[in-house]
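Residues per chain, in single letters:
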Amino acid sequence: MTKPKIWLSSPHMCGKEFEYVKDAFDTNWIAPLGPHVDGFEKDLCNFTQSENAAALSAGTAAIHLALILLDVKAGDEVICQSFTFSASANPIVYQGATPIFVDSEEETWNMCPIQLRKAIEDRISKGKKPKAIIPVHLYGMPAKMNEILAIANEFGIPIIEDAAEGLGSKINEKACGTFGNLGVLSFNGNKIITTSGGGALISNNEEYINKARFLATQARDSAPHYQHSQIGYNYRMSNVCAAIGRGQMTVLQDRVNQRRMNFELYNQHLSGISGITFISEPAGYYSNRWLSTILVNPLHTNGITREDIRIALEKENIESRPLWKPMHMQPIFKQYPYYGNNVSEKLFEQGLCLPSGSNLTKAEHQLVVKTVKNILSK
Ligand SMILES: *Cc1c(COP(=O)(O)O)cnc(C)c1O
């Protein structure tokens, strides 16, 4: 008999989504625009306190449009956190620009301000000032935005804040996604809330968001016929997907609370074990704890590695995953410049994401804990 699957992070509907979707069908708004798209954008603004939002087909599309809005072109350089999902960096290459990868610091696992400054100064000394900086709030933990912003302002470089994993996270009550010139959200199926697939670009700069909407709908000039004076994209969110999102927005804070509870329980049951450590929140930081992660130091676990734990979980049909493999270690990106100090390499080597869904049951949680404890007691 196969054991029931325990997922890393699966969609968690609340029930209200279907009422909104039914309304989209009843009113025949089955299009990449409509009242739920407008409503979802308002919900996002209310939640994040951003002044403007454009709902898009994906977080990746939001990063791509952000780069275009900041005039990133072929031959330009863009600084990107190395320790992230490839979607943070791919759109830089779509533009024909060069990604410059920067390592993380150990406290939040996100962009290291010291390495960032080094990278900027070195690129400038080599003749090119980077056009943008992309920090990421990995696993929901806010990056050191105040330090990163200070450096960005000093050099006059705009920030695209990749908050795809950080919706609901904040620093001193200010929402992640609202620190940079442009913020990126994702509603992919595995994220804290989902529209089955989707994303958004948020900004206090209304011009940016109006331009993003224009580019996302094939850059149609205002004319009775189809008239184009720029290259456009088909990146808008469907009214049906936005309907799902409107239902999900009614429970977003509950989802954050549930994920934070997952983390608390893992921390409670596993942090006493030799060689297992958890990442904590710096003062004033609030993580949505999108994924609960552990670091496994084999020097203190009798040689048990994160891979041993992953395989033991897999045997129980429990999905877990190593932390993101840094971009500067990826075959497709390794020829690009990198500024770092071995922090993300070590995190990749020792880190594991545990099942973290807001719909994880107590019994599932206990089984994960028991399996991890079992292998570590060998
Ligand atoms: C998911 C994710 C994205 C991309 O979002 P999509 O909606 O899947 O395109 C970008 N950056 C990070 C860090 C992500 O986790």
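For every chain, the first residue of the written sequence is number 1, and numbering continues from 1 along that sequence. Reporting of local features is limited, given that this is a predicted model, to residues whose pLDDT is at least 70; pairs of side-chain atoms are given and counted only at 80 or more, and all residues count toward the totals for whole chains, interfaces and linings. Each side-chain value is derived from all of the structure's non-hydrogen atoms; neither hydrogens nor water enter the calculation.

Residue-level account of the sheet that holds strand E7 (residues 174-175), with values.
When DSSP finds at least two bridges between two strands, those strands are taken to pair. Helical segments are the DSSP runs of H or I of at least four residues, strand segments are the runs of E of at least two, and each set is numbered from the N terminus. Taken together, 3 strands build an open sheet; the order of strands is E7-E6-E11 and the sheet is antiparallel. Each end of this open sheet is capped by a strand with a single partner; those strands are E7 and strand E11 (285-286). The pairing of strand E6 (residues 170-171) with E7 spans 2 bridges and is classified as antiparallel. Paired with isoleucine 171 across the strands is lysine 174, a residue of E7.

Explain the site of the ligand to me, and be specific about the residues and the numbers.
The ligand sits among 15 residues. The nearest are Thr60, Asp162, Glu165, Ser186 and Lys191. The contact in question runs from an oxygen atom of the ligand to an N or O atom on the side chain of glutamate 165, over 2.6 Å. A 3.5 Å cut-off defines polar contacts: any pair of N or O atoms within that distance qualifies, except that in protein one atom must be a possible hydrogen donor and the other a possible acceptor, and neighbouring residues in sequence count only when both atoms are side-chain atoms. A distance of 2.7 Å separates an oxygen atom of the ligand from a polar atom in the side chain of serine 186. To be clear on the numbers: accessible area is Shrake-Rupley with a 1.4 Å probe, and residue cover counts the displayed protein chains and nothing else. Contact with the protein chains hides 94% of the accessible area of the ligand, taken as 380 Å² for the molecule alone. Basically, the charged four are Asp, Glu, Lys and Arg, the nonpolar ten are Ala, Val, Leu, Ile, Met, Phe, Trp, Tyr, Cys and Pro, and anything else, Gly included, counts as polar. Here the shell around the ligand is composed, by residue class, of 5 nonpolar, 7 polar and 3 charged. Put simply, a residue is near a molecule or strand once any heavy atom of it comes within 4 Å of that molecule or strand.

Break down the environment of alanine 164 for me, with residues and values.
On the secondary structure map, alanine 164 appears in the loop between strand E5 (160-162) and E6. The spacing of alanine 164 and glutamine 218 is 54 residues in sequence and 24 Å in space, taken between C-alpha atoms.

Tell me what's going on with helix H7 (residues 206-216), and back it up with residues and numbers.
Any residue under 20% of the maximum accessible area for its type is buried, any over 50% is exposed, and the rest in between are partly exposed; the area is computed with a 1.4 Å probe on protein chains only. Every buried residue of H7 is listed here: Tyr208, Ile209, Ala212, Leu215 and Ala216. Taken end-on, H7 shows its buried residues confined to a sector of 125°, consistent with a single buried face. Contacts: residue pairs with any heavy atoms within 4.5 Å of one another. If you follow the buried residues of H7, they end up packed against strand E1 (52-56), helix H3 (59-69), strand E8 (182-186) and strand E9 (199-203). The N-cap residue of H7 is asparagine 205: its side-chain oxygen and the backbone nitrogen of glutamate 207 are 3.0 Å apart. The positive-phi residue at the C-terminal boundary of H7 is glutamine 218, with phi of around 65°. Regarding the arc, it is the one traced by the directions from the helix axis to the C-beta atoms.

Describe the pattern of salt bridges, and please don't skip the residues or the numbers.
Salt-bridge detection follows one rule: a side-chain nitrogen of Lys or Arg within 4 Å of a carboxyl oxygen of Asp or Glu. Counted under the stated rule, the structure contains 19 salt bridges. In this structure, arginine 236 and glutamate 41 form a salt bridge, with 2.7 Å as the shortest nitrogen-oxygen distance. Pair noted here: arginine 236 is in the loop between H7 and helix H8 (239-249) and glutamate 41 is in helix H2 (residues 35-48), with a separation of 195 residues, a long-range link. Across this residue pair, the class does not change: arginine 236 and glutamate 41 are buried. Here aspartate 71 and lysine 73 are joined by a salt bridge, their closest N and O atoms 3.0 Å apart. When its relative accessible area of 43% is taken as the criterion, lysine 73 is described as partly exposed.

I'd like a rundown of the pairing of E8, residues and numbers included.
Most of E8 sits inside the fold, with 5 of its 5 residues counted as buried. Residues Leu182, Val184 and Ser186 of E8 are buried on one face, and the alternating residues Gly183 and Leu185, pointing to the opposite face, are buried as well.

Now, about the packing of H2 against H8: what can you tell me, with residues and values included?
The axes used here are C-alpha line fits, helices contributing only the stretch in contact, and every angle between their N-to-C directions lies in the interval 0 to 180 degrees. Look at H2 against H8: their axes get within 8 Å of each other, and the N-to-C directions meet at 35°. In this structure, the crossing between H2 and H8 has a hand that is left-handed. Residue-level inspection shows Pro35, His36, Val37, Gly39, Phe40, Asp43, Leu44 and Phe47 of H2 in contact with H8, the latter providing Asn239, Ala242, Ala243, Gly245, Arg246 and Met249. Looking at the contact of H2 with H8 residue by residue, the classes come out as 8 nonpolar, 4 polar and 2 charged. In this scheme, a crossing is called left-handed if the near helix is turned counterclockwise away from the far one by less than a right angle; it is called right-handed if the turn is clockwise.

Explain the environment of leucine 8 to me, and be specific about the residues and the numbers.
Position of leucine 8 relative to the elements: it lies in the segment before helix H1 (16-26). For leucine 8, a relative accessible area of 6% translates into the label buried. Distance from leucine 8 to isoleucine 318, taken between C-alpha atoms, is 7.9 Å for residues 310 residues apart in sequence. Look past the residues within four positions of leucine 8 in its chain and what remains in contact with it is Leu291, Glu319, Ser320, Arg321, Cys353, Leu354, Pro355, Ser356 and Gly357.

Describe in detail the domain arrangement of the protein, supporting the description with residues and values.
When its domains are assigned, the protein resolves into domain 1 (16-249) and domain 2 (253-376). For domain 1 and domain 2, the distance between their C-alpha centres works out to 26 Å. At the junction of the two partners, domain 1 supplies 47 residues and domain 2 supplies 38 residues. What gets called buried area is simply the loss in accessible area from a 1.4 Å probe that two parts show on being joined, summed for both. Interface area, domain 1 with domain 2, both sides summed: about 3,700 Å², of which 64% is carbon and sulfur. Where each domain starts and ends comes from a domain assignment, either automatic or drawn from a database.

Would you mind going over the pairing of strand E12 (residues 292-296) in detail, with residue names and values included?
Counting buried residues along E12, 5 of its 5 residues qualify, which places the element largely inside the surrounding structure. Covered by surrounding structure in E12 are Ser292, Ile294 and Val296 together with Thr293 and Leu295, the residues of both alternating faces. Pairing geometry for strand E10 (residues 276-277) and E12, over 2 bridges, is antiparallel. Across the sheet, isoleucine 276 pairs through a bridge with valine 296, a residue of E12.

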